[in-house]
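Summary of the model geometry
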Amino acid sequence: MPRQKKEPGGCGCASIPFSVILLILGGGYLLFTQREHLNISRFIPEDLRKNIPLEISRFIPEDLQQKIPFLNASNPADEVHQNLPEATPTPEAPPQQPRLPAAPISNPSPPTPTAEIKPPANLPENPLTPSTPQSLWEQKAIRGIYFSRYQITNNATEETIRARVRYYRDRGINTLIHGVWGNACTMYKSAVMQAKFGYESCPNEFEDKWLDWLIDEAQKHDMEVHAYFEKGIKIDENSPAFDLAVQRGWIVPGVDRTHPGVDHYVLNVGVPEVGEFFTNILVEFVTKYPTIDAVQWDDYLGYHAELPGQVDRTLELTNFVKKAISATKAANPSVSFDICHHNPYWAKRYFAADWENWGVDRVFIQVYADENFAEELPYVEAYDGISITERQFNRLEELVRNPKVDNILLFPLSGEPEKMADEVNRLTSKIK
């Protein structure tokens, strides 16, 4: 409201009725308290705005001032200021901790962008993120599963292969042992195969880069890929190399009937051309796939004792493997050369496989029969681990709890690795 001019000689308040004075004072108080909303205070000089209550109180008796609230009200700004706590130094934001890998999930969500991560204000200056204790199963260094040559990769797209890697990761598997060779031919395009036989691989529908995708996706999840040289030095009539092998005299006389159902023949690594062929395949492989973690041969790297002629080929086999390992390591020193074989006594006695003198990096003992499990266990503990099938699931908890069993490999005898991985995940989740 407009400011009133001050009269030099007084205001004549004594002649004004008291009710009128109260009406004027009440209206003034209303305008003063609502000045921010009515925007009237901009017409009143700043020095007078602060002194309006004081100026009005000059004309009102002191005992009456006590009954008029606004004359005793303090400045709201002063009250807010008085209620504020004492200023404290603003602490520095805690340093952002590195993000831990996401817990495994079947369908992982896209990672949250770093910019959206806002740590709570009450974090200590150096927060420590508690780590989830590993289960006994997760404490095993290698938790691997085998894939035969055609089980999961034939005619598979890149998306399918990568999704399958994640599938096994989510079920507690950290090592994929995938067939890359079998029945005397490769499952990838090989210049060595092309030069020796006139074709570059076993007949298959594999995508050219299937193994690159498999290795790449596994490495993203801290998993390993081991190249499985399935069937080793054995061959049957279904191999595209069979007829040429017969013509060239590469095959040991007689039929190997170690496993019923298929008549196998064995390539003679004592023939220099055969030994050179296998060695060149290994060198080519670890050079073509330099980030592969290991190559693994199984019990088909051996000559069964019941082959005709009773010829002892132990020394020939030992010399071949030693040369193959030496050449492989020269081509790629970081690759582990492993075998999954019978215990040393049985391997040497019945398969001419004196693997204790081969110089391999790791040995996993096959225990595919339950009746001799107790006798095999000391060998498992003495070497690098065990390979079991579904028939040994009743032994799984015992193996998981055994601190002397460093690694457990799973061989899906049923030919269904997905179901085997699911069942192992179910069983191991109960082991506390």
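Located above this text is the structure these notes cover.
The following paragraphs examine the structure supplied in this document. On a predicted model such as this, the values are computed, not experimentally measured, just so you know.

**Looking at the side chain of Glu 284**
By secondary structure assignment, the location of Glu 284 is in helix α12 (residues 272-288). Among buried charged residues, Glu 284 stands out as having no salt bridge; its nearest opposite-charge side chain is Lys 288, 6.4 Å away. Of the polar contacts made by the side chain of Glu 284, one reaches the backbone nitrogen of Val 192; its length is 3.2 Å. Glu 284 has contacts with Tyr 188, Ser 190, Ala 191 and Val 192, leaving out every residue within four places of it along the chain.

**A closer look at unusual backbone geometry**
A positive phi angle, close to 60 degrees, is found at Asn 183, a residue other than glycine. Tracing the backbone shows Asn 183 in the loop between β2 (175-182) and β3 (185-186). Under the relative-accessibility criterion, Asn 183 is labelled buried at 7%. One non-glycine residue, Gln 310, adopts positive backbone phi at about 50 degrees.

**Some words on the state of the cysteines**
Taken as a whole and judged by the stated rule, the model has one disulfide. One disulfide in the model links Cys 185 with Cys 202; its S-S distance is 1.6 Å. The chirality of the disulfide connecting Cys 185 with Cys 202 is right-handed, given an S-S dihedral of about 95 degrees. Here Cys 185, found in strand β3, pairs with Cys 202, found in the loop between α9 (191-197) and α10 (210-220); they are 17 residues apart in sequence, far enough to count as distant.

**Brief notes about the pattern of salt bridges**
Close approach of charged atoms allows side chains with opposite charge to pair. Going through the model one piece at a time under the given rule, you end up with 22 salt bridges. One salt bridge connects Asp 263 with Arg 257, and the closest N-O pair in it is separated by 3.4 Å. Of the residues examined, Asp 263 reaches a relative accessible area of 38% and is grouped as partly exposed. Overall, Arg 257 belongs to the exposed group, its relative accessible area being 57%.

**With respect to α10**
If you check which residues of α10 are buried, you get Trp 210, Leu 211, Trp 213, Leu 214, Ile 215, Glu 217 and Ala 218. Where α10 is buried, its residues meet α8 (158-169), β2, β4 (224-229) and α12. Looking at the residues trailing α10, positive phi occurs at Asp 222, about 55 degrees.

**Let's talk about the packing of α12 against helix α13 (residues 314-331)**
For the pair α12 and α13, the least separation of the axes is 9 Å and the interaxial angle reads 25 degrees. Here α12 lies roughly parallel to α13, going by the angle between them. For the pair α12 and α13, the crossing hand works out as right-handed. Of the residues in α13, those in contact with Gly 275, Phe 278, Thr 279, Leu 282, Val 283, Val 286 and Thr 287 of α12 are Phe 320, Ala 324, Ala 327, Thr 328 and Ala 331. Here the contact of α12 with α13 is built from residues that sort into eight nonpolar, four polar and no charged.

How each quantity is defined
- Residues numbered from 1 in each chain as written.
- Predicted model: local features only at pLDDT ≥ 70, side-chain atom pairs only at ≥ 80, totals over all residues.
- Heavy atoms only, no water.
- Helix = DSSP H or I, 4+ residues; strand = E, 2+ residues; numbered from the N terminus.
- Buried < 20%, exposed > 50% of the residue type's maximum accessible area, 1.4 Å probe, protein only.
- Lys, Arg positive; Asp, Glu negative; His and termini not counted.
- Salt bridge = Lys/Arg side-chain N within 4 Å of Asp/Glu carboxyl O.
- Polar contact = N/O pair within 3.5 Å; in protein donor to acceptor, adjacent residues only side chain to side chain.
- Contact = heavy atoms within 4.5 Å.
- Disulfide = S-S within 2.5 Å.
- Axes fitted to C-alpha atoms, helices over the stretch in contact; angles between N-to-C directions.
- Parallel < 35°, antiparallel > 145°, perpendicular 65-115°, else oblique.
- Left-handed = near helix turned anticlockwise from the far one by under 90°.
- Nonpolar A, V, L, I, M, F, W, Y, C, P; charged D, E, K, R; others polar.

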